[in-house]
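Given next are the chains, with one letter for each unit.
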Amino acid sequence: GESVGLHLPTLSVQEGDNSIINCAYSNSASDYFIWYKQESGKGPQFIIDIRSNMDKRQGQRVTVLLNKTVKHLSLQIAATQPGDSAVYFCAETGTGSARQLTFGSGTQLTVLP
Amino acid sequence: EAGVAQSPRYKIIEKRQSVAFWCNPISGHATLYWYQQILGQGPKLLIQFQNNGVVDDSQLPKDRFSAERLKGVDSTLKIQPAKLEDSAVYLCASSRLAGVQYFGPGTRLTVT
């Protein structure tokens with residue numbers, strides 16, 4: 001079946017630096033992508049989403065880039081803070097009325113003081 | 001706006017016992033999802049409801065798992081009998097039709 005995967009299982013960055021978390025997807029029919037942040041002991045928290053008719057979307061300190069040619073998306077976090085330490089998941093929704101999400105396995109982001 | 005509520009937060013049972021989880025979605029959200037998240041993995045969809053009807057339960061192990069959303073609001077997920085491999089976090093999420101899914105805190109199940 002189709003899958004969504006992440007390039008790196010762990011990422012460590014210095015506080016104040018920018019973070020980039022990458023995600024590859026294999027379903028070329030996917031038309032909607034979401035990034036979630038999951039802190040220890042909590043449920044996934046919505047960060048930002050992007051539709052396939054866009055290649056960039058910005059939020060507060062976060063930017064998502066979508067490259068449909070190579071089926072890749074990334075999450076950029078500016079000025080990374082200790083509170084950003086968490087597991088980050090990308091998820092995609094294919095076509096179909098059910099609009100179900102398929103999650104990748106996640107990247108653990110650790111912010112170093 | 002209150003978030004998705006789940007209870008209990010933690011549950012420890014022995015294999016072959018039964019367990020039930022409860023979820024109260026965000027008010028006004030027609031769609032409710034149950035996910036299973038095994039340690040170190042992303043959430044995997046078990047079942048999706050729209051109002052009180054099942055949209056998709058293709059990933060639900062129906063020989064031991066069941067779920068219901070009788071009045072189109074709260075939902076329960078039951079496991080009977082539990083196996084060791086059912087140890088996981090069970091997440092409930094809700095959304096408006098085709099909208100962003102918002103997750104509850106999850107129930108951590110340990111089967112011994």
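Below: a short report on this structure. Just so it is clear, the structure is predicted and the values come from calculations on it, not from any experiment.

Describing the pattern of salt bridges
- Inspection of every chain in the model, using the stated rule, returns five salt bridges over all chains.
- One salt bridge in this structure joins Glu39 of chain A and Lys42 of chain A, with 3.8 Å as the shortest N-O distance.
- Using a relative accessible area of 26% as the deciding quantity, one classes Glu39 of chain A as partly exposed.
- Notably, a salt bridge pairs Asp57 of chain B with Lys62 of chain B, separated by 3.7 Å at the nearest N-O pair.
- With a relative accessible area of 26%, Asp57 of chain B lands in the partly exposed category.

Focus: the interface of chain A and chain B
- In this assembly, 17 residues from chain A lie in contact with 19 residues from chain B.
- Buried surface at the junction of chain A and chain B, both sides included, amounts to about 1300 Å², of which 54% is carbon and sulfur.
- Per-residue buried area on chain A facing chain B is highest for Pro44, Gln100 and Phe103 of chain A; these three make up 32% of the total on that side.
- One can count zero salt bridges joining chain A with chain B.
- Our enumeration of links across chain A and chain B arrives at five residue pairs in polar contact (both at pLDDT 80 or more).
- Listed by contribution, the elements that provide at least two residues to the side of chain A that touches chain B are strand 4 (32-38), strand 5 (45-51) and strand 10 (101-103) of chain A.
- Here the side of chain A that touches chain B takes three residues from strand 4 of chain A, the largest share from any one element.

Quick notes on the pairing of strand 7 (residues 62-67) of chain A
Residues and elements named next belong to chain A.
- The pairing of strand 6 (residues 56-58) with strand 7 spans three bridges and is antiparallel. Residue pairing in the sheet places Arg57 in a bridge with Val64 of strand 7.
- The hairpin formed by strand 6 and strand 7 contains three residues between the paired strands, and Arg61 there has a positive phi angle of roughly 65°.
- Of the strand pairs in this sheet, strand 7 and strand 8 (residues 72-77) are connected by six bridges, and their pairing is antiparallel. Paired with Val62 across the strands is Ile77, a residue of strand 8.
- Taken together, strand 7 and the strand that follows it, strand 8, pair antiparallel across an intervening segment of four residues, in which Lys71 is found at a positive phi of about 55°.

So, how was this worked out
Residues numbered from 1 in each chain as written. Chains lettered and ligands numbered in written order. Predicted model: local features only at pLDDT ≥ 70, side-chain atom pairs only at ≥ 80, totals over all residues. Heavy atoms only, no water. Salt bridge = Lys/Arg side-chain N within 4 Å of Asp/Glu carboxyl O. Buried < 20%, exposed > 50% of the residue type's maximum accessible area, 1.4 Å probe, protein only. Contact = heavy atoms within 4.5 Å. Buried area = accessible area lost by both parts, 1.4 Å probe. Polar contact = N/O pair within 3.5 Å; in protein donor to acceptor, adjacent residues only side chain to side chain. Helix = DSSP H or I, 4+ residues; strand = E, 2+ residues; numbered from the N terminus. Pairing = 2+ DSSP bridges.

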